[in-house]
Amino acid sequence: MYVSARSDYALRAMLAVAASAGGGGDGGGELVKAASLAEVQDIPLSFLQGILLDLRRAGLLHSHRGADGGYALARQPDEITVGDVLRAVGGSLTTVRGLPAERAGYHGVAAGLTDVWLAVHGAIATVVDSTTLANLLTRESSDHAPTS
């Protein structure tokens, strides 16, 4: 698995929107402007705008126009997985020579590689599909909790 800048930025943006919503989703909570996300997460705004469009098209974000507009989660943070975000901006989780793992074909002595790539894909999917934005936000808040 290769984590592109686009995928990393998408996850950071989604976490920032989720955190600003105070745990809300379904369009509730505070709207976050793209420029604010870009500044806080140190993401080039022009690059971020394309990412936000993909996330909106995938049904992960709602956008609201106007002076008071911005972005909000389309679902609760515990209903959006890392896998959802990665697929929205990058397509397949695992690629082999630019193809999804299930389409990598081999013959002869290399025939067993298909099974290896599919197992790698399955392991990655298990992790990213069981980790939600809420899980990551909980980890972040517990990392900054005062200790006794």
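Structure first, text after, so check above.
Along each chain, the written sequence defines residue order, and numbers are assigned to residues from 1. Where local features are concerned, this predicted model is filtered to residues with pLDDT of at least 70; where side-chain atom pairs are given and counted, the filter is 80 or more; whole-chain, interface and lining totals use all residues. Computation of side-chain values covers all heavy atoms of the structure but excludes hydrogens and water.

Novice: What's the story with the overall build of the protein chain in this structure? I'm lost.
Specialist: The secondary structure content of the protein chain amounts to six helices and four strands. Ordering the α and β elements of the protein chain from the N terminus gives α-α-α-β-β-α-β-β-α-α. Per-residue burial over the protein chain gives 35% buried out of 148 residues. Helix and strand labels come from DSSP, where a helix needs a run of H or I of at least four residues and a strand needs a run of E of at least two; each type is numbered from the N terminus. The rule is simple: take the accessible area with a 1.4 Å probe, protein chains only, and divide by the maximum for that residue type; under 20% is buried, over 50% is exposed, in between is partly exposed.

Novice: Can you help me understand the pattern of salt bridges in this one?
Specialist: Where charged atoms from two side chains of opposite charge approach closely, those side chains can pair. Salt bridges, as used here, are contacts in which a Lys or Arg side-chain nitrogen is within 4 Å of a carboxyl oxygen on Asp or Glu. What the rule picks out here adds up to four salt bridges. Its salt-bridge partner being D84, residue R75 comes within 3.1 Å of it at the nearest N-O pair. Of the residues examined, R75 reaches a relative accessible area of 26% and is grouped as partly exposed. On the basis of relative accessibility, which here comes to 25%, the residue D84 falls in the partly exposed class. One salt bridge in this structure joins R87 and D129, with 2.7 Å as the shortest N-O distance. In this pair, R87 is assigned in helix 4 (residues 82-90) and D129 in helix 5 (residues 113-129), connecting sequence segments 42 residues apart. A residue is classified by how much of its surface remains accessible, and D129, at 34% relative accessible area, is partly exposed.

Novice: Teacher, can you tell me more about the nonpolar core here?
Specialist: The tendency in soluble globular proteins is for nonpolar side chains to be buried as a group. In terms of nonpolar packing, the biggest core is built from 31 residues, with M14, L37, L52, L55, L61, L73 and V85 touching the most fellow members. Those elements that place two or more of their residues in this core are helix 1 (5-20), helix 2 (34-41), helix 3 (45-57), strand 2 (70-73), helix 4 and helix 5. For this core, the element with the most residues is helix 1, which contributes eight residues. The contact partners of L55, leaving out residues within four places of it in the chain, are A10, M14, L60, L61, V85, A88 and V89. Think of a nonpolar core as a cluster: buried Ala, Val, Leu, Ile, Met, Phe, Trp, Tyr and Cys residues, connected wherever their side-chain atoms sit within 4.5 Å. Contacts between residues were defined by any pair of non-hydrogen atoms, one from each residue, lying within 4.5 Å.

Novice: Looking at this structure, I do not really get the packing of aromatic side chains. What am I missing?
Specialist: Each aromatic ring pair is characterised by the separation of its centres together with the angle its planes make. Ring geometry is summarised as follows: Phe, Tyr and Trp rings, the Trp one being its six-membered ring, pair when their centres sit within 6.5 Å, and such pairs are stacked at plane angles under 30 degrees, edge-to-face over 60 and tilted between the two. Within this structure, the stated rule accounts for one aromatic pair. Measuring from centroid to centroid gives 5.5 Å for Y9 and F47, while their planes differ by 80 degrees, and the two rings are edge-to-face. On the criterion of sequence distance, the pair formed by Y9 in helix 1 and F47 in helix 3 is long-range, its members being 38 residues apart.

Novice: Can you help me understand the side chain of T94 in this one?
Specialist: Mapping T94 onto the fold places it in the loop between helix 4 and strand 3 (95-96). N or O atoms within 3.5 Å of each other form a polar contact, as long as, within protein, one can give a hydrogen and the other can take it, and as long as residues adjacent in sequence are counted only when both atoms are side-chain atoms. In terms of polar contacts, T94 uses its side chain to reach the side chain of H121, at 3.2 Å. Setting aside chain neighbours within four positions, we find T94 in contact with L99, P100, A101, V120, H121 and I124.

Novice: Please explain helix 3 as it appears in this structure.
Specialist: With 13 residues, helix 3 should cover 18 Å at 1.5 Å per step; its first-to-last C-alpha distance of 18 Å lies within 8% of that length. Those residues of helix 3 not exposed but buried are L48, I51, L52, D54 and L55. For helix 3, the angular spread of buried residues about the axis comes to 160 degrees, placing them on one side. Exposed and facing more than 90 degrees away from the buried side of helix 3 are S46 and R57. Looking at the packing, one finds that the buried side of helix 3 touches helix 1, helix 2, strand 1 (61-64), strand 2 and helix 4. A positive phi of about 80 degrees marks G59, the residue just after helix 3. Here, expected helix span is obtained from the residue count minus one, scaled by 1.5 Å. Starting at the helix axis, one direction is taken to each C-beta atom, and the arc is that of these directions.

Novice: Is there a simple way to think about the pairing of strand 1 in this case?
Specialist: Successive side chains on a regular strand alternate, one facing one side of the sheet and the next facing the other. The pairing of strand 1 with strand 2 spans four bridges and is antiparallel. Looking at strand 2, one finds that S63 is bridged to Y71. Note on pairing: two strands pair once DSSP finds at least 2 bridges between them.

Functional significance is not addressed by these values, which are geometric in nature.
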